[in-house]
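Overview (structure and organization)
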Amino acid sequence: MLLNAINPTPLAMQLKIVKGMRDLYGEEVRVFSYLEEKAREIFSLYGFSEIRTPLLEHTELFAKGVGEETDIVGKEMYLLEDRNGKSLALRPEGTASVVRGLVTNNLLKQSRQLRFFYFGPMFRYERPQKGRYRQFYQIGVECFGVEGPEADLEMFLMLRQYFAAIQLQGVAFQINSIGCQEAACRPAFKTKLIHFLEQQKEELCADCQRRLSNNPLRVLDCKQPGCIALTAQAPQSHQHLCGRCKDHFATLQNLLDQEGVQYELNPKLVRGLDYYSKTVFEVYSANLGAQSAAGGGGRFDGLLELYGSAAAPAVGFALGLDRLALLSEPLAPVNGGAFVIGFESQAVVSLVAKVRQAGILCEYDPFFSSMKSQFKQAGKSGARWALVLGEEEIQTGQVALKDLDQGTQTSVTPEIALEKLQEN
Ligand code: AMP
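Residues numbered from 1 in each chain as written. Predicted model: local features only at pLDDT ≥ 70, side-chain atom pairs only at ≥ 80, totals over all residues. Heavy atoms only, no water.

**What about the overall build of the chain?**
Scanning the chain from terminus to terminus reveals 16 helices and 16 strands. Taken over C-alpha atoms, the radius of gyration comes to 28 Å for the chain, far larger than the 22 Å a tight globule of 424 residues would show. Buried positions account for 48% of the 424 residues belonging to the chain. Intrachain contacts of the chain at a sequence separation of at least 6 include 68% that bridge at least 24 residues. In the form shown here, the chain has an accessible surface area of approximately 22,100 Å², with 51% of it arising from carbon and sulfur atoms. Once the 45 positive and 49 negative side-chain charges of the chain are each reduced to a mean point, those two points are 4 Å apart. (Helix = DSSP H or I, 4+ residues; strand = E, 2+ residues; numbered from the N terminus. Rg over C-alpha atoms; globule rule 2.2 N^0.38 Å. Buried < 20%, exposed > 50% of the residue type's maximum accessible area, 1.4 Å probe, protein only. Contact = heavy atoms within 4.5 Å. Areas by Shrake-Rupley, 256 points an atom, 1.4 Å probe, with all protein chains shown as cover. Lys, Arg positive; Asp, Glu negative; His and termini not counted. Charge placed at Lys NZ, Arg CZ, Asp CG, Glu CD.)

**Points about the layout of surface pockets**
Taken as a whole, the second largest pocket encloses approximately 510 Å³ of empty space. Together, 20 residues line the second largest pocket, and Cys180, Gln181, Asp301, Gly302 and Glu305 are the ones closest to its centre. With three residues, the single largest contributor to the lining of the second largest pocket is helix 11 (residues 303-306). Counted by class, the lining of the second largest pocket contains nine nonpolar, three polar and eight charged residues. (1 Å grid on protein atoms, 1.4 Å probe; cavity = no way out; pocket = protein on both sides within 12 Å on 5 of 7 lines; lining within 4 Å. Points joined across faces, edges and corners; volume = space filled by probe spheres on them. Nonpolar A, V, L, I, M, F, W, Y, C, P; charged D, E, K, R; others polar.)

**Let's talk about the site of the ligand**
Around the ligand, a shell composed of 14 residues is seen, among which Arg124, Glu126, Tyr133, Gln138 and Arg271 lie nearest. Note that an oxygen atom of the ligand is positioned 2.8 Å from one of the side-chain N or O atoms of arginine 271. Take alanine 293: an N or O atom from its main chain is 3.1 Å from an oxygen atom of the ligand. Calculation on the ligand without its partners gives an accessible area of 480 Å², and the protein chains cover 91% of this total. Breaking the shell around the ligand down by element, the ones donating at least two residues are strand 6 (135-144), strand 10 (293-299) and strand 11 (314-320). Residue contributions to the shell around the ligand peak at three residues, all from strand 10. (Near = heavy atom within 4 Å. Polar contact = N/O pair within 3.5 Å; in protein donor to acceptor, adjacent residues only side chain to side chain.)

**Digging into the side chain of serine 97**
Here serine 97 shows up in helix 5 (residues 95-104). Side chain to side chain, serine 97 and glutamate 57 meet in a polar contact 3.3 Å long. Once residues lying within four places of it in the same chain are set aside, the contact partners of serine 97 are Thr53, Glu57, Leu61, Phe62 and Arg91.

**A few points about the packing of aromatic side chains**
One pass over the full model with this rule turns up 14 aromatic pairs. Note on phenylalanine 117 and phenylalanine 119: the rings are 5.5 Å apart at their centroids and 45° apart in plane angle, and the pair reads as tilted. Connected via pairs of aromatic rings, a cluster forms that spans Phe43, Phe117, Phe119, Phe156, Tyr162, Phe163, Phe173, Phe281 and Phe317. Positioned over the ring face of tyrosine 133 is arginine 22, at 4.1 Å from the centre of the ring. Seen from the ring of tryptophan 385, arginine 384 lies directly overhead, with NZ or CZ sitting 4.7 Å from the centre. (Phe/Tyr/Trp six-rings, centres within 6.5 Å; stacked < 30°, edge-to-face > 60°. Lys NZ or Arg CZ within 6 Å of the ring centre and 35° of its normal.)

**A look at the domain arrangement of the chain**
Segmentation of the chain into domains returns domain 1 (14-185 + 241-327) and domain 2 (338-423). Taking only C-alpha atoms, the centre of domain 1 and the centre of domain 2 are 48 Å apart. (Domains from an automatic or database assignment.)

**Details of the pattern of salt bridges**
By the definition in use, this model includes 20 salt bridges. Salt-bridge contacts for arginine 210 lead to aspartate 207; the nearest nitrogen and oxygen are separated by 2.9 Å. Here the residue arginine 210 and the residue aspartate 207 both occupy positions in helix 8 (residues 206-214), the gap between them amounting to three residues, near one helical turn. For aspartate 207, a relative accessible area of 33% corresponds to the partly exposed category. Where arginine 384 meets aspartate 403, a salt bridge forms, and the shortest distance between an N and an O atom there is 2.6 Å. Within this pair, whereas arginine 384 is found in the loop between helix 14 (371-381) and strand 14 (385-389), its partner aspartate 403 is found in strand 15 (residues 399-403), the two being separated by 19 residues in sequence. (Salt bridge = Lys/Arg side-chain N within 4 Å of Asp/Glu carboxyl O.)

**Some points on the packing of helix 2 (residues 26-45) against helix 6 (residues 149-165)**
Helix-helix packing is characterised by the crossing angle of the two axes and by the distance between the axes. Running from N to C, helix 2 and helix 6 cross one another at 140°; their axes reach a closest spacing of 10 Å. As judged from the angle between their axes, helix 2 and helix 6 are oblique. In this structure, helix 2 crosses over helix 6, and the sense of that crossing is right-handed. Contacts between helix 2 and helix 6 involve Tyr34, Leu35, Lys38, Ala39, Ile42, Phe43 and Leu45 on the former and, on the latter, Met158, Gln161, Tyr162 and Ala165. Here the contact of helix 2 with helix 6 is composed, by residue class, of nine nonpolar, one polar and one charged. (Axes fitted to C-alpha atoms, helices over the stretch in contact; angles between N-to-C directions. Parallel < 35°, antiparallel > 145°, perpendicular 65-115°, else oblique. Left-handed = near helix turned anticlockwise from the far one by under 90°.)

**Quick notes on empty space enclosed by the protein**
Enumeration according to the criterion identifies one cavity of 30 Å³ or more in this entry. As a volume, the largest cavity reaches approximately 40 Å³. No other element matches the three residues that helix 8 contributes to the lining of the largest cavity. Considered class by class, the residues forming the lining of the largest cavity number no nonpolar, three polar and five charged.

**A few points about the state of the cysteines**
Overall, the coordinates contain zero disulfides when judged by the stated rule. You can see cysteine 143 has no disulfide; the closest cysteine sulfur is in cysteine 245, sitting 17 Å from it. When its relative accessible area of 1% is taken as the criterion, cysteine 143 is described as buried. In this model cysteine 185 remains outside any disulfide bridge; the closest cysteine sulfur is found in cysteine 242, 3.7 Å from its own. (Disulfide = S-S within 2.5 Å.)

**As for the sheet that holds strand 2 (residues 56-58)**
One open sheet accounts for three strands, arranged 2-4-3; its pairing is antiparallel. The sheet is open, and its two borders are formed by strand 2 and strand 3 (78-81), each paired with just one other strand. The average undirected angle you get between the axes of adjacent strands in this sheet is 40°. As judged from the four bridges shared by strand 3 and strand 4 (residues 87-90), these two strands associate in the antiparallel manner. From the neighbouring strand, leucine 79 faces strand 4, where its bridge partner is alanine 89. Relative to the sheet, helix 3 (residues 59-67) contacts strand 2, strand 3 and strand 4, its axis offset from that of strand 2 by approximately 70°. (Pairing = 2+ DSSP bridges.)

Right, dumping it as structure tokens:
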């Protein structure tokens, strides 16, 4: 369809951003990049490398993996039809896509274990509020192939190291185990839980009455005060584990204690998505207000099999970058570099180009305002040096090099000025 057919007067249209979306720029983007850079640095120490998957996937990938009964799939996915009528979804989370990536590229045949991290936007049609957007950003990690709790432990160690690197204070881990698909494990627990919940069905909130039949574990983490009170005495999954899941959880807790990782056992933590098994965890911060979860993760040993692929144990997590940015301390201003001051456009742009070519941050005033204003801008820019091209300098082929920290000034050739900048 032609643009004109959609809006006959395109120039008069109101440019509005889509609800729940936001533009990122300035300081916020700097913080996002910093958080990503640090994640890259720390996660590589643990043998993880980056994977980039498409934003669009076939809808059934999420319907099957995340679960049709979950809020994410049932209510929050952005769906679209392509020109052939195929149903596609903007990814609401990263794990299903990474798993699809392993299968599509046959990666599990090539290595006994695989470790990937990803960054990027996710899309969920949620009610927007501070810290909750319809396009938000995640940093995620997935480790495939290792069944033992050592891999779970690594997630916590890596997160702890990452939080220390970005100087994030006041974050706490909560953990739980929701068992596996073995009849004696989660299915048996589910039956017990349903039995317990059925007895108070009338008092549960409307959402939980629905969850009771299609996703009963989610009733445990309902945030409605009435449901919280009603489930206080509910059976706890970590006390109804099969032998293997019990050992796994006990060993993990021992390892966490051994490594001095602090955590709290939260028997009501279930994570809500169908694909989780055994260990589940969340990262909380008291400084986040209503949206207190900064991240979450767990094991998903059954997900590959669910997709009809060869089984492979897996564990991972996702952090909300928007929320980490809210928690982060402001970054130090960018300092250093040079500011070229002058009125002769040709001379100024030529010197600016030389300085930048030498790999040094350099700014100038493209409006060639008054000398006073240019000096003011130089001071504000955080530049260490001002390179002044006044009338005299233009005539003598020199440049006045002013150290903006010390206030000293010398007249030198442009070559010497460059050498001086490179030394500092
Ligand atoms: P989840 O796997 O749904 O628990 O998401 C992992 C993390 O992503 C959460 O702990 C949040 O930090 C972040 N997150 C999830 N949904 C949103 C959203 N709508 N807006 C901002 N961040 C979100």
